[in-house]
Each structure stands twice: as C-alpha cells, then as structure tokens.
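Structural overview for review
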Amino acid sequence: MPIITNDDPPMNEVVRDGLNGLLIKSHPDGTTRSGIDAKSPDVGDMARAIEAIADDELRSRLSAGALEVRERLSWSRTVADLAKLVDAAAAVPAGAASGRTAP
C-alpha cells in the first residue's frame, strides 16, 4: 500500500517519493521525551498528497513500487544478509581488524 509520510528520517529511508509513496513537508514541533526532534506534517502539503493519491493511475504505480520495496526490505532478506555478515566476520582471524593477530 502506498504511504504518505513526512520527508524526515526514518520515514524517508523507506518511503521513496513517487516510487512507493508520497513524502510531504514537515515543521519542527518541539522535542520528544527522548530528546528527538518532533515534526508536524505540513497540512497543505498533506492535502495535496491525499488529493494526488486519489488518482487511480498514480495509486496503482505507487502500489507496484510498494511491492518492489517490500521485497527489497523483506525480513528474510535482512536475515540472509546478516548471516552473510556473520559468516564473513567469523572468517576473519582474531585481531586482524586492528592489525594484530591472535596469540
């Protein structure tokens, strides 16, 4: 399903404007309890995006992009890539990264 979200991390790390959703402007809105900057969506930009996504052709194209991104970011792919990383790290002799070798 296409997504409408703020053009801010981490949302814009998954949603690509025009591929699997629409990114909208946002405005600073204080900070969260954890200290992260809070953002509020730009109402005018959100209204524009909602109107745009009502178009059947655009929504269909964004839906296809969402399926593509879903495959690229799938959990099974993440697990497989992590396994490759662990295997590669296990093949490096202890201390090799620092220039030292294990005794």
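What comes next concerns the included structure. (Residues numbered from 1 in each chain as written. Predicted model: local features only at pLDDT ≥ 70, side-chain atom pairs only at ≥ 80, totals over all residues. Heavy atoms only, no water.)

**Concerning the pattern of salt bridges**
As a reminder, the rule being used: Each salt bridge in this description consists of a side-chain nitrogen of Lys or Arg and a carboxyl oxygen of Asp or Glu lying within 4 Å of one another. Each helix is a run of H or I in the DSSP string that is no shorter than four residues. Each strand is a run of E no shorter than two, and both are numbered from the N terminus. For every residue, the accessible area obtained with a 1.4 Å probe (protein chains only) is divided by the maximum for its type, and the residue is called buried under 20%, exposed over 50%, and partly exposed between those limits.
Counted by the stated rule, this structure contains 3 salt bridges. With its nearest N and O atoms 3.2 Å apart, the salt bridge here joins K39 to D8. Placement of the pair is K39 in strand β4 (residues 37–41) and D8 in the loop between β1 (3–6) and α1 (11–14), with a sequence separation of 31 residues. Assessed through its relative accessible area of 38%, K39 is described here as partly exposed. In this structure, D56 and R59 form a salt bridge, with 2.5 Å as the shortest nitrogen-oxygen distance. With D56 and R59 both in helix α3 (residues 56–72), this residue pair falls 3 residues apart, about one helical turn. You can call D56 exposed: its relative accessible area is 55%.

**Observations regarding a positive patch on the surface**
Going by this rule: Patches in this entry comprise residues that are over 30% relatively accessible and not in a salt bridge; like charges within 9 Å are linked, as are nonpolar side chains (Val, Leu, Ile, Met, Phe, Trp, Tyr) within 5 Å. Note on areas: Shrake-Rupley with a 1.4 Å probe; residue coverage comes only from the protein chains shown. As used throughout, the charge tally considers Lys and Arg to be positive and Asp and Glu to be negative, leaving His and the chain termini uncounted. For this purpose, a charge sits on NZ of Lys, CZ of Arg, CG of Asp or CD of Glu.
Taken together, R16, R72, R77 and K84 make up a surface patch of like positive charges. The class for R72 is partly exposed, based on a relative accessible area of 41%.

**Some words on α3**
Operational definition: To estimate the expected span of a helix, count its residues, drop one, and scale the result by 1.5 Å. Working definition: the arc comes from the directions between the helix axis and the C-beta atoms, pointing outward to the latter. Contacts are assigned to residue pairs with any non-hydrogen atoms lying within 4.5 Å of each other. Distance and chemistry together define a polar contact, namely a pair of N or O atoms within 3.5 Å, with one atom able to donate a hydrogen and the other to accept it when in protein, and with adjacent residues in sequence counting only for side-chain atoms on both sides.
Taking 1.5 Å as the rise per residue, α3 with 17 residues should run 24 Å; its terminal C-alpha atoms sit 24 Å apart, in good agreement. For α3, the set of buried residues is L58, L62, G65, A66 and V69. The buried residues of α3 occupy an angular sector of 110 degrees when the element is viewed end-on, so they sit on one face. Projecting away from the buried face of α3 at angles above 90 degrees are the exposed residues D56, E57, R70 and E71. Residues of α3 that are buried in the fold lie against α1, β2 (21–24) and α2 (43–53). The backbone nitrogen of E57 has a side-chain oxygen 3.3 Å away, supplied by the residue at the start of α3, namely D55.

**Topic: unusual backbone geometry**
Put simply, P9 and P10 share a cis peptide bond, and its omega is 0 degrees. Structurally, the position occupied by P10 is in the loop between β1 and α1.

**So, the environment of I50**
Checked against the element boundaries, I50 lands in helix α2. Sequence separation between I50 and S34 is 16 residues; the distance between their C-alpha atoms is 31 Å.

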